[in-house]
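Remarks on the overall topology
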Amino acid sequence: MATIVVMPQLGNSVESCLINEWEVSVGDTVAVDQVLCSIETDKATMDVPSTDAGTVLKLLWEVGDEVPVKDPLLILGEPGEEISEEVLAQAGVSGDSNEAASAPEQEAPAEEEKPEAPSFQTAASGGAISPRARALADSEGLDPSAVSEGSGPHGRVLERDVKAYLAENPATNAARAQGATGTGTGLGGRVTTADLASPAADEAAAAPLISANADFPGPSEAAPLKGIRKVVATRMMESLAETAQLSYTVSAKADKLMAMRKRFKQADESLGVNAITIGDLVGYAVVKTIAKYPTFNAHLADGTYTKFQNIHLGVAVDTPRGLLVPVIRGANAMNLKEFSAASKQVAGDSIDGTISPDLLNGGTFTVTNLGSFGVETFTPIINRPQVAILGVAAVTPRAALDNDGNVVVEKRIGFSLTADHQVIDGADAARFLRDLVNAIENIDLTVLG
């Protein structure tokens with residue numbers, strides 16, 4: 001009997017996942033725990049194992065589709081088994097889709113469409129529209145919302161629905177012709193209802209526009225934001241819109257910082273300090289400073305200001321899939337070696353795509369470091385619901401005066417603190433940075449604390 005494998009719940013905060021790649025095809029035999037596909041959450045990439053054994057009768061989604069957790073993912077059964085109407089209904093697929101369960105050597109129908117997640121692009125009916133249907137509509141100059149009803153599962157609009165609409169509404173040919181030449185009477189040459197009703201519209205469309213540059217605007221590529229990039233975009237805009245962000249910039253002498261890093265690197269390997277980096281030292285100094293300022297180790301959400309006793313430090317990491325902020329939990333309870341090891345662990349797992357989604361939430365303060373790129377100053381955006389974030393810039397040489405009034409060159413490291421002025425005043429931000437600078441310039445004493 002056919003069974004349904006669902007998208008697993010991957011962490012308490014994950015609501016949906018994007019399918020990156022299918023590892024199985026219709027007709028393949030799979031075993032329990034065999035990888036079915038690789039998926040991407042808004043935070044990480046991981047594999048989905050099978051919870052049952054059998055032959056793949058139907059894949060319910062395409063690569064790039066967003067699948068809500070616990071929704072049907074694929075259907076397993078016996079080789080050549082016809083999927084029952086009951087199972088299809090449970091999977092949210094119409095009964096005319098049994099051709100997908102055919103033998104693997106039979107070529108798949110050209111119009112095999114998969115369910116689309118409700119959060120993706122929609123038509124006028126409120127149902128989802130498949131990628132092929134949208135591509136056809138775009139190529140024909142048709143607004144997909146004009147297709148009011150889809151024939152796919154959950155009312156999604158399929159490619160055949162768009163073709164049927166175009167065949168039943170020949171008046172849209174005029175609109176498409178005008179859209180191709182830009183000769184509509186609306187703003188910017190857009191086609192209006194009056195254009196569709198006017199017999200002269202087709203004649204006007206036949207006259208090509210004369211352009212000073214026939215190649216304008218040239219080749220381009222357009223794609224909707226999705227996955228991690230979409231989440232980052234949404235959160236950054238919300239952060240700027242819902243907080244009163246103000247940034248403060250200082251620099252600190254970096255000579256002791258660099259000297260300590262050099263000593264660690266040259267130390268005996270048995271001491272276990274060779275891998276400690278400048279970033280680790282800075283992060284450790286930040287934790288020590290935050291401990292003196294509990295107002296910075298806090299969340300502000302829905303009018304409630306929550307200060308935390310433990311410091312859970314978020315560390316911004318550049319990954320192949322986009323920006324992730326894994327959390328070093330309980331950083332205030334760690335010594336320097338433990339902090340360095342934890343930092344490398346969460347960063348490495350984030351880059352490899354194996355980080356647990358639960359370790360990408362719950363941070364109480366974030367550090368983002370662009371120093372390795374040579375950035376001298378920048379304005380970091382607060383990672384809500386946190387109330388502050390520290391940007392770490394590059395170590396750069398700067399002119400200064402020594403005690404005798406002579407011009408000398410100092411190595412200095414820059415810091416940019418962005419704080420939410422709703423709960424953190426400028427004087428508090430200045431005091432925080434003053435103490436951070438002191439911790440950096442006396443890092444040999446800071447690591448002993």
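Conventions and cut-offs
- Residues numbered from 1 in each chain as written.
- Predicted model: local features only at pLDDT ≥ 70, side-chain atom pairs only at ≥ 80, totals over all residues.
- Heavy atoms only, no water.
- Buried < 20%, exposed > 50% of the residue type's maximum accessible area, 1.4 Å probe, protein only.
- Helix = DSSP H or I, 4+ residues; strand = E, 2+ residues; numbered from the N terminus.
- Pairing = 2+ DSSP bridges.
- Core = buried A, V, L, I, M, F, W, Y, C linked by side-chain atoms within 4.5 Å.
- Contact = heavy atoms within 4.5 Å.
- Polar contact = N/O pair within 3.5 Å; in protein donor to acceptor, adjacent residues only side chain to side chain.
- Axes fitted to C-alpha atoms, helices over the stretch in contact; angles between N-to-C directions.
- Parallel < 35°, antiparallel > 145°, perpendicular 65-115°, else oblique.
- Left-handed = near helix turned anticlockwise from the far one by under 90°.
- Nonpolar A, V, L, I, M, F, W, Y, C, P; charged D, E, K, R; others polar.
- Expected span 1.5 Å × (residues − 1).

What about the pairing of strand 4 (residues 35–40)?
Most of strand 4 is tucked away, with 5 of its 6 residues classed as buried. Pairing analysis gives 4 bridges linking strand 2 (residues 16–22) to strand 4, with the strands arranged antiparallel. The partner of Leu18 across the bridge, within strand 4, is Glu40. For strand 4 and strand 5 (residues 45–49), the ladder comprises 5 bridges, and the chain directions are antiparallel.

Quick notes on the nonpolar core
Membership of the largest hydrophobic core comes to 55 residues, with the highest contact counts inside it found for Leu281, Phe365, Leu390, Ile413, Phe415, Leu417 and Ile440. Each residue touching Ile440, except ones within four places of it in the same chain, is listed here: Ala252, Lys253, Leu257, Val282, Ala285, Ile413 and Phe415. Counting residues in hydrophobic clusters, the runner-up holds 32 residues, among them Cys17, Val67, Leu73 and Ile83.

A closer look at the side chain of Gln386
Position of Gln386 relative to the elements: it lies in the loop between strand 16 (365–369) and strand 17 (388–401). Taking relative accessible area as the criterion, Gln386 reaches 5% and is therefore assigned buried. A polar side-chain atom of Gln386 sits 3.1 Å from the main-chain carbonyl oxygen of Gly363. Of the polar contacts made by the side chain of Gln386, one reaches the side chain of Thr366; its length is 2.8 Å. Non-local contacts of Gln386, meaning those with residues more than four positions away in its chain, are made with Ala298, His299, Gly363, Thr364, Phe365 and Thr366.

A few points about the packing of helix 9 (residues 278–290) against helix 11 (residues 426–441)
Look at helix 9 against helix 11: their axes get within 9 Å of each other, and the N-to-C directions meet at 135 degrees. As summarised for this structure, helix 9 and helix 11 are arranged oblique, according to the angle between their axes. You can see that helix 9 and helix 11 cross each other, and the crossing is right-handed. When helix 9 is examined against helix 11, the residues Val282, Ala285, Val286, Thr289 and Ile290 are found in contact with a partner set consisting of Phe432, Asp435, Leu436, Ala439 and Ile440. For the contact of helix 9 with helix 11, the residue count by class is 8 nonpolar, 1 polar and 1 charged.

With respect to helix 9
Along its 13 residues, helix 9 runs 18 Å from first to last C-alpha, staying within 8% of the 18 Å computed at 1.5 Å per residue. Burial analysis of helix 9 places 10 of its 13 residues in the buried class, the great majority of the element. Every buried residue of helix 9 is listed here: Asp280, Leu281, Val282, Gly283, Tyr284, Ala285, Val286, Val287, Thr289 and Ile290. Two to three positions downstream of the cap, the backbone nitrogen of Gly279 sits 3.3 Å from a side-chain oxygen, assigning the N-cap of helix 9 to Thr277.

Let's talk about the sheet that holds strand 15 (residues 327–328)
Strand order in the open sheet made by the 6 strands is 9-18-17-16-12-15, with mixed pairing throughout. Each end of this open sheet is capped by a strand with a single partner; those strands are strand 9 (245–253) and strand 15. Judged from the 2 bridges that link them, strand 12 (residues 313–315) and strand 15 form a sheet pairing that is antiparallel. Counterpart to Leu313 in the pairing with strand 15 is Ile328.

Considering unusual backbone geometry
In the segment running from Arg384 into Pro385, the intervening peptide bond is cis, with an omega of 5 degrees. The residue Asp33 is not glycine, and still its phi comes out positive at about 75 degrees. With a relative accessible area of 60%, Asp33 lands in the exposed category. Positive phi is not limited to glycine here, since Asp302 has a value of about 55 degrees. The residue Asp302 is located in the loop between strand 10 (298–301) and strand 11 (304–307) in this model. Residue classification places Asp302 among the exposed residues on the basis of a relative accessible area of 82%.

That's the geometry; what it means functionally is another story.
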